[in-house]
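Overview (structure and organization)
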Amino acid sequence: MSLVTSADSSTTSYGESSNFYTLSNSSEELYGSNLQRFKIGPESYDMYGEQPTPQVEFLHQSSLHQFQSVSDSQNSVQSMDYDEDDIRLKLLELERELLSESEDILLDSDQCIDEEWFEPMKDLLLSNSPKESSSDSNLSSIESSNNNNRETTNVSPLRTPKQLLFDCAFAISENNVEEATNMIKELRQMVSIQGDPPHRIAAYMVEGLAARIASSGRGIYKALKCKEPPTSDRLSAMQILFEVCPCFKFGFMAANGAIAEACKDEERVHIIDFDINQGSQYIALIQALSTRPSRPPRLRITGVDDPESVQRSVGGLKIIGQRLEKLAEGFRVPFEFRAIASKTCDVTPEMLDCHAGEALVVNFAFQLHHMPDESVSTVNQRDRLLRMVKGLEPKLVTVVEQDVNTNTAPFLPRFVEVYNYYSAVFESLDATLPRESADRMNVERQCLARDIVNIVACEGEDRIERYEAAGKWRARMTMAGFTSCALSSYVNGAIRRLLKSYCDRYKVKEEGGALYFGWEDKILVVASAWR
């Protein structure tokens, strides 16, 4: 995650050296073999290391290009004239069907989804067969695709997986189930999870479409076993994703830097984390606090997780706390960990046990998007949580989120939004891991595919992955009474230096006090701090 190992480098006080983010090898031993190393080609890659594998060529450049941020206005599709477009698209779809009635295009290819991943959905997807956004330009590409189709005369044109996916999504949005089902069959013959990025993302998105047809989203998340305790394979995949796709790792690093800066003169620090994951974010923070010129502060971390997960054998909060306690002892940082067995929506201020004299920090790293808002229920859990946190009067609140609108956007714009966002993620993995890498396929299957299927297939309470664009988070935080505070220039500089170890297609920019991390011109992750 936000962890970097440097066995030889010396640790110095915060603000004096880029070694602020270094980590001794001793911490690796605490997390076991599953989280220590993974393979890229013949050479092993250190899970918390900075240096890229020799097997991958990373390009460098002296300056990072600015890329355009996503504004709230771009996330709105309400201004589109759907009536005229709908009529035109229906006519084009009818004409295409008449032209392609006699054709049956089947391409020999690998099976798109391996049996292990596909098994939980097999009955749902194969039974009963047939019988707000920044993607306005891509919505128009669906119409453009249909225009191209009508230029042919006697044969059905060969469509790319992307074109066929968009046509299929449009057919589903029009309740044309038979046509969509035929496209799904064709797509499954075309794509492969071992192919190039467009084929890989199409392989998973087509299963999301099939799942949507099968049950309109009801029970899909459960069918995919997304609510079960994570296995060691899934936890390992998450660690690999956060390491090889630096946008995620740098989000954690930005949050750590903001916390360290805000608490540099504090003697007692209390961090509340509503989704602590495996606690890896705090390994680098504990080390950084240990290097302060004065003695390190007394650190207390409160982790929240639902009752069934707190004591689970794989990744339970109690185990995470024990690992962090052992790490803190090695760095001589006074430390206490407390696990709260409660769903986030049920947490009250009294349960958090805040003490007078402590510098209170609340960390929301890739967590807030799981909270339903006013679009799901009359009880707006997302805003209610933010107001409750504001009432605690924290010294700092850190927010790290993926910059994509999968919350309130209707199905078709949401589908295009998801395709564009995850296409950038899949392409970034292509620059880091070989296509045949088992680690890469595990990351894509365990971390990305489940989110994609949930976003595409599910509606209402079944849709758990409800991301929002940066502008909407800014509005929510402001309405809850928070004020944005800029991340320190040191944190910004340290991340920019580390970014040079990766492919130069990764970008970072600062805007409005927040840090935006992206792949080429697509923003993936935004980190911000609030008071």
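Under an unreviewed UniProt entry, the chain has the name Scarecrow-like protein 1 and belongs to Acorus gramineus.

Where helix α9 (residues 197-215) meets helix α18 (residues 411-430), the axes come as close as 9 Å, and the angle between the chain directions of the two elements is 145°. The handedness of the crossing between α9 and α18 is right-handed. Along its contact with α9, which presents Pro197, Pro198, Arg200, Ile201, Tyr204, Met205, Leu209 and Arg212, the element α18 presents Phe411, Arg414, Phe415, Val418, Tyr419, Tyr422, Ser423, Phe426, Glu427 and Asp430.

This part covers helix α21 (residues 489-499). Of all the residues in α21, the buried ones are Tyr490, Val491, Asn492, Ala494, Ile495, Leu498 and Leu499. As for α21, its buried residues are in contact with α12 (246-262), β9 (506-511) and β10 (514-519).

Right, let's get into the packing of aromatic side chains. Applying the stated criterion across every chain, the model contains 12 aromatic pairs. Ring centres of phenylalanine 166 and tyrosine 419 lie 5.4 Å apart, and the angle between their planes is 80°; this geometry places the pair in the edge-to-face category. Taken together, the positions of phenylalanine 166 in helix α7 (residues 161-173) and tyrosine 419 in helix α18 put the pair 253 residues apart, joining distant regions of the chain. In this structure, phenylalanine 166 and tyrosine 419 share a single accessibility class: buried. An angle of 15° between the planes, with centres 5.5 Å apart, marks the rings of phenylalanine 274 and phenylalanine 364 as stacked. A residue pair is termed long-range when its members are at least 10 positions apart, and phenylalanine 274 in the loop between β3 (268-273) and α13 (281-290) and phenylalanine 364 in strand β6 (residues 359-365) qualify at 90 residues. Exposure class is identical for phenylalanine 274 and phenylalanine 364. Each is buried. Taken together through their ring pairs, the aromatic side chains of Phe250, Tyr502, Tyr506, Phe517 and Trp519 make up a single cluster. Stacked on the ring of phenylalanine 411, the Lys or Arg arginine 212 has its end atom at 4.0 Å from the ring centre. Positioned above the aromatic ring of tyrosine 516 is the side chain of lysine 509, whose terminal nitrogen or guanidinium carbon lies 5.5 Å from the ring centre.

Along the polypeptide, methionine 183 turns up in helix α8 (residues 177-190). Residues methionine 183 and alanine 171 lie 12 residues apart in sequence; the distance between their C-alpha atoms is 9.3 Å.

To continue, consider the packing of α12 against α13. Put simply, α12 and α13 touch, their axes get as near as 10 Å, and they point 35° apart. Considering the relative orientation of α12 and α13, their crossing is right-handed. When α12 is examined against α13, the residues Phe252, Ala255, Asn256, Ile259 and Ala260 are found in contact with a partner set consisting of Gln281, Ala284 and Leu285. In terms of residue class, the contact of α12 with α13 is built from 6 nonpolar, 2 polar and no charged.

Checked against the element boundaries, asparagine 407 lands in the loop between β7 (396-402) and α18. Residue class for asparagine 407 comes out buried when judged on its relative accessible area of 2%. Within the structure, asparagine 407 has its side chain in polar contact with the side chain of arginine 466 (distance 3.0 Å).

Regular strands place their side chains on alternate faces of the sheet. Strand β11 (residues 522-530) sits mainly inside the fold: 9 of its 9 residues count as buried. In this structure, β7 lies alongside β11, joined through 6 bridges in antiparallel fashion. Considered in β11, the bridge of valine 397 is made with tryptophan 530. By the bridge criterion, 2 bridges tie strand β8 (residues 484-485) to β11 in an arrangement that is antiparallel. What sits directly across from serine 484, in β11, is tryptophan 530. Note: β10 against β11, 5 bridges, orientation antiparallel.

Positive phi, normally seen in glycine, also occurs at aspartate 353, with a value near 55°. When you line up the elements, aspartate 353 lands in the loop between α16 (349-352) and β6. Looking at aspartate 353, the relative accessible area reads 31%, which means it is partly exposed. Even without being a glycine, phenylalanine 366 presents a positive backbone phi close to 55°. Here phenylalanine 366 lies in the loop between β6 and α17 (381-391). You can call phenylalanine 366 buried: its relative accessible area is 9%.

All told, the structure shown has 20 salt bridges when counted by the stated rule. Two residues, aspartate 167 and arginine 159, come together in a salt bridge whose shortest N-O distance is 2.8 Å. Classification of arginine 159 as buried rests on a relative accessible area of 10%. Arginine 435 is the partner of aspartate 430 in a salt bridge, and the nearest nitrogen-oxygen pair spans 3.0 Å. What you see here is one network of salt bridges that share partners, running through Asp373, Glu374, Arg382, Asp383, Glu468 and Arg476.

Let us look at the pairing of β9. Relative to β10, β9 runs antiparallel, the two being bridged by 6 bridges. Residue lysine 509 lies in a different strand from β10, and its bridge partner there is tyrosine 516. The antiparallel pairing of β9 with β10 creates a hairpin that spans 2 residues between the two strands, and glycine 512 there sits at a positive phi of about 60°.

Cut-offs applied
Every chain is numbered independently, its residues counted from 1 as its sequence is written. Restriction of local features to residues with pLDDT of at least 70 applies here, the model being predicted, together with a cutoff of 80 or more for giving and counting side-chain atom pairs; totals for whole chains, interfaces and linings are based on all residues. Processing note: side-chain calculations cover all non-hydrogen atoms of the structure and skip hydrogens and water entirely. Every axis corresponds to a line fitted to the C-alpha atoms, with the helix fit spanning only the stretch in contact, and the corresponding angles, defined between N-to-C directions, vary from 0 to 180 degrees. Starting at the N terminus, helices and strands are each numbered in turn, a helix being any DSSP run of H or I of at least four residues and a strand any DSSP run of E of at least two. Crossing handedness: left-handed means the near helix sits turned counterclockwise from the far one by under a right angle, and right-handed means the same turn made clockwise. Contacts: residue pairs with any heavy atoms within 4.5 Å of one another. Summary of the burial criterion: residues with accessible area below 20% of their type's maximum are buried, those above 50% are exposed, and those between are partly exposed, where the area comes from a 1.4 Å probe applied to protein chains only. Geometry of aromatic contacts follows a simple scheme: Phe, Tyr and Trp rings, the Trp one being its six-membered ring, pair when their centres are within 6.5 Å, and the pair is stacked under 30 degrees between planes, edge-to-face over 60, tilted otherwise. Here, a charge over a ring is recorded when the distance from Lys NZ or Arg CZ to the ring centre is within 6 Å and its angle to the ring normal is within 35 degrees. All residues other than Ala, Val, Leu, Ile, Met, Phe, Trp, Tyr, Cys, Pro, Asp, Glu, Lys and Arg, Gly among them, are scored as polar; the first ten of these are nonpolar and the last four charged. Definition of a polar contact: a pair of N or O atoms within 3.5 Å, with one able to donate and the other able to accept a hydrogen when the atoms are protein atoms, and with sequence-neighbouring residues admitted only if both atoms are side-chain atoms. Two strands qualify as a pair provided that DSSP identifies no fewer than 2 bridges between them. The working definition used for a salt bridge is a side-chain nitrogen of Lys or Arg within 4 Å of a carboxyl oxygen of Asp or Glu.

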